[in-house]
Amino acid sequence: MHRKILLSWSSGKDSAWTLHRLRQAGDNEVVAFLTTVNEAFDRVAMHGVRRELLEAQAKAAGVELWPVGIPYPCSNELYEEVMSEALDRARCSGIDAVAFDDLYLEDIRRYREMKMAASGLELLFPLWGIPTRELAGQMMKGGLRARLTCVDPRVLPAEFAGREWDECLLHDLPHDVDPCGENGEFHTFAYAGPMFAAPIPCRSGSVEFRDGFVFADLGLES
């Protein structure tokens, strides 16, 4: 069965690998990326990735981008409202399912399932339950390349911001930090891999401290 899918897209490695897995598995068509964008900074929420980089990813992946603007700060009620509107758009567009890049956090999955139970859309979790060290190896061997864009300095030194997500980085991670950053230890920007027609040329910029996190300000090379 041909299945049209809306992919929740954070701009990071897990979203990118989810796209790759969906395309590999059966008759799936990822028709759009759903991304929340912080309107105050015009950047991907949480990851701090510039819109120009987000748009470059969508172009390289050959997928339409559905940015959803949210204010800063944003209440949970407002977030749920804009997401509900996005799901309405998905149904009206003939989309069958929504896919997420969640790995193992049960509370987040239950929240999504509860909030979207009445949507009529199938929920997909292609990476769910894969041990994260194994998953990291699959991604790297598969050609995925990413950089750390956001670091939680409470669990990871600020110097990790902007670093390449590779085997050297995994070796340097504190033992209690998840190799995929699933607990929010870090976030990434995926710039190359089998899900993209061509690498996204990005450059390193300044490192900024904001709201208790450390952000590496990546930019698009001209």
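The coordinates are above.
Residues numbered from 1 in each chain as written. Predicted model: local features only at pLDDT ≥ 70, side-chain atom pairs only at ≥ 80, totals over all residues. Heavy atoms only, no water.

**Q** Looking at this model, I keep getting lost on the nonpolar core. Mind explaining?
**A** A general trend in soluble globular proteins is that nonpolar side chains are found buried together. Formed by 55 residues in total, the largest nonpolar core has its most connected members in F33 and W165. The dominant element in this core, judged by the number of residues it contributes, is helix α2 (residues 51-61), at six residues. Apart from the residues within four sequence positions on either side, F33 is in contact with L6, L7, W9, L19, A58, A61, V63, E64, L65 and W66. Counting 18 residues, the second-largest nonpolar core is a separate cluster that includes A32, A45, W66 and F125. (Core = buried A, V, L, I, M, F, W, Y, C linked by side-chain atoms within 4.5 Å. Buried < 20%, exposed > 50% of the residue type's maximum accessible area, 1.4 Å probe, protein only. Helix = DSSP H or I, 4+ residues; strand = E, 2+ residues; numbered from the N terminus. Contact = heavy atoms within 4.5 Å.)

**Q** Quick question: what am I supposed to make of the side chain of S15 here?
**A** Take S15: it is sitting in helix α1 (residues 13-24). A polar atom in the side chain of S15 sits 2.8 Å from the side chain of D101. Sequence-distant contacts of S15, that is, excluding residues within four places in its chain, are made with L7, S8, W9, S10 and D101. (Polar contact = N/O pair within 3.5 Å; in protein donor to acceptor, adjacent residues only side chain to side chain.)

**Q** Explain the pairing of strand β10 (residues 207-210) to me, please; I cannot follow it from the model alone.
**A** In regular strands, side chains alternate between the two faces of the sheet. Bridge count for β10 against strand β11 (residues 213-216) is four bridges, and the pairing is antiparallel. Bridge pairing in β11 places E208 opposite F215. Hairpin connection of β10 to β11: two residues between the antiparallel strands, including D211 at a positive phi of 55°. (Pairing = 2+ DSSP bridges.)

**Q** Is there a simple way to think about the pattern of salt bridges in this case?
**A** A side chain with one charge can pair with a side chain of the opposite charge if their charged atoms come near. Summed over the entire model, instances satisfying the criterion amount to 15 salt bridges. When salt bridges with common partners are traced through the structure, they connect R43, R50 and D217 into a single cluster. (Salt bridge = Lys/Arg side-chain N within 4 Å of Asp/Glu carboxyl O.)

**Q** Would you mind showing me how to read unusual backbone geometry here?
**A** The bulk of non-glycine residues show a negative phi, and the bulk of peptide bonds are trans. Look at the link from Y72 to P73: it is a cis peptide, with omega at -5°. Position of P73 among the secondary structure elements: in the loop between β4 (64-70) and α3 (76-92). With a phi close to 75°, M46 is a non-glycine residue in the positive phi region. Residue placement: M46 occurs in the loop between β3 (43-44) and α2. Residue D211 is not a glycine yet carries a positive backbone phi of 55°. Tracing the chain through its elements places D211 in the loop between β10 and β11.

Functional significance is not addressed by these values, which are geometric in nature.
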